[in-house]
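Letter by letter, the chains look like this.
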Amino acid sequence: MCKLKKLKEKAQSIVNRVSNDPQGRYHLRYEFYKKYGDHFIKGKKGLGNSELAFIDWEIKRGTLNALNDHYSGSPWWRAVNSHFLYLGTLAQLIKESGQTFLDLPVPVIFWLAYMDKPNERSWYRAHNSSIISGYMEADSLAFHENIYEQYLMNIVFYRLLYAQSMVEGVSFGILGKLFANPRGCAVSIITDIEAFYPSNYPLSKQDIKYVMHNAHNLMGVIEDVFDKVFILPHLNELYTKASKWNNSPMVLKFITNNKPIYPISLHEFNDNHFSKKLTTTIINIV
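Model, not experiment: these values are computed from the prediction.

Structural notes on the overall build of the protein chain
Part 1: A count of helices and strands for the protein chain gives 13 helices and two strands.
Part 2: Looking at the 286 residues of the protein chain, the share that counts as buried comes to 55%.
Part 3: Taking contacts inside the protein chain between residues at least 6 apart in sequence as the whole, the part at least 24 apart equals 65%.
Part 4: Entry remark: accessible area of the protein chain is about 13,300 Å², with carbon and sulfur atoms responsible for 56%.

Shown next, in the form of structure tokens:
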């Protein structure tokens, strides 16, 4: 058996062991950043700060719970997270093996580059290319989530790309600077704000109003400004640039005419996927 195949199997085995253990998933990445988080051991979370805060949000929502749990997790969120864990773990195993391999997945190459030279830009490229790959891997599962959860997937995604844009030196609005640095605590703060990142899975009625930008309160207005003023007008350009930063041309499948359209499975996708579903369901939450 070739050496790379053995490392892939080992990485998959490590991820499988924590599949039904949300805290185990968190711990796997926590241990990674203790080694490769750049100043993590000095009492600072360093470059693992924002990622760990996001995983913590997923855990609090219950999306990473076992599927047979009393509060069942989400097949889609679990799959994206598992694929993300696999790519990072495989890169770590390759790094620590001291071996060099050709034809590695793009995210693995980016994680190896990050471990060699940890900084904000190398982190975003490793992290975001892994998330993009995870979205593609779990695309068919996304259709099993309701339309509002699908819409949240797009919101989470474009906010992540927006944060990366600031580190890549492209400004789509000054608010990106508030949470662009993965070393900071902004992700931890913003994921505690229900209007931005709801804590319920499945989404509550109020959560849906926030996700649909239809909450008529102060936090809803702030969320509207954040997304509609600073991010949404620039989606085509943002996704195009992100496809290049992360060497992930599949990102361009996630958008059409400046509208996010994930999930994209060809057997179910059509140009009006969101407009049709949202038109028929939005009246239920107004």
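Looking at the nonpolar core
Part 1: Grouped together as the largest cluster of nonpolar side chains are 84 residues, with contacts concentrated most on Trp 76, Ile 94, Trp 111, Tyr 114, Tyr 135, Phe 157 and Tyr 239.
Part 2: When residues in this core are grouped by element, the largest group, 13 residues, is from helix H8 (residues 147-167).
Part 3: Other than its neighbours up to four places away in sequence, Tyr 114 contacts Phe 32, Tyr 33, Tyr 36, Gly 37, Leu 47, Asn 119, Ser 122, Trp 123 and Ala 126.

Digging into helix H1 (residues 3-17)
Part 1: In this model H1 runs 21 Å from its N-terminal to its C-terminal C-alpha over 15 residues, within 8% of the 21 Å that 1.5 Å per residue would give.
Part 2: Buried residues belonging to H1 abut helix H2 (22-36) and helix H4 (75-97).

Quick notes on the environment of Phe 254
Part 1: One can find Phe 254 in the loop between helix H12 (235-245) and strand S1 (255-256).
Part 2: For Phe 254 and Met 136, which are 118 residues apart along the polypeptide, the C-alpha to C-alpha distance reads 9.6 Å.
Part 3: Beyond its immediate stretch of four places on either side in the chain, Phe 254 contacts Ile 132, Tyr 135, Met 136, Asn 154, Phe 157, Tyr 239, Lys 259, Pro 260, Ile 261, Tyr 262 and Ile 264.

Focus: the confidence of the model for the protein chain
Note: predicted coordinates in regions of low pLDDT should not be interpreted at a detailed level.
Part 1: Mean pLDDT over the protein chain stands at 89; residues scoring 70 or higher make up 87%.
Part 2: Across residues 267-286 the pLDDT falls below 50, and counting only partners more than four positions away or on other chains, this stretch makes 33 contacts in the model.

So, unusual backbone geometry
Part 1: The omega angle of the peptide bond from Tyr 201 to Pro 202 is 0 degrees, so this bond is cis rather than trans.
Part 2: The topology assignment puts Pro 202 in the loop between helix H9 (186-190) and helix H10 (205-211).
Part 3: Residue Pro 263 follows Tyr 262 across a cis peptide bond; omega there is 5 degrees.
Part 4: One can find Pro 263 in the loop between strand S2 (259-260) and helix H13 (273-281).
Part 5: Backbone geometry at Asp 103 places phi at a positive 55 degrees, although glycine is not the residue there.
Part 6: Here Asp 103 is to be found in the loop between H4 and helix H5 (106-116).
Part 7: A positive phi angle is found at Asn 258, which is not glycine, with a value near 65 degrees.
Part 8: A relative accessible area of 21% means that Asn 258 is categorised as partly exposed.

About the cut-offs
Residues numbered from 1 in each chain as written. Predicted model: local features only at pLDDT ≥ 70, side-chain atom pairs only at ≥ 80, totals over all residues. Heavy atoms only, no water. Helix = DSSP H or I, 4+ residues; strand = E, 2+ residues; numbered from the N terminus. Buried < 20%, exposed > 50% of the residue type's maximum accessible area, 1.4 Å probe, protein only. Contact = heavy atoms within 4.5 Å. Areas by Shrake-Rupley, 256 points an atom, 1.4 Å probe, with all protein chains shown as cover. Core = buried A, V, L, I, M, F, W, Y, C linked by side-chain atoms within 4.5 Å. Expected span 1.5 Å × (residues − 1). pLDDT = per-residue confidence, 0-100.

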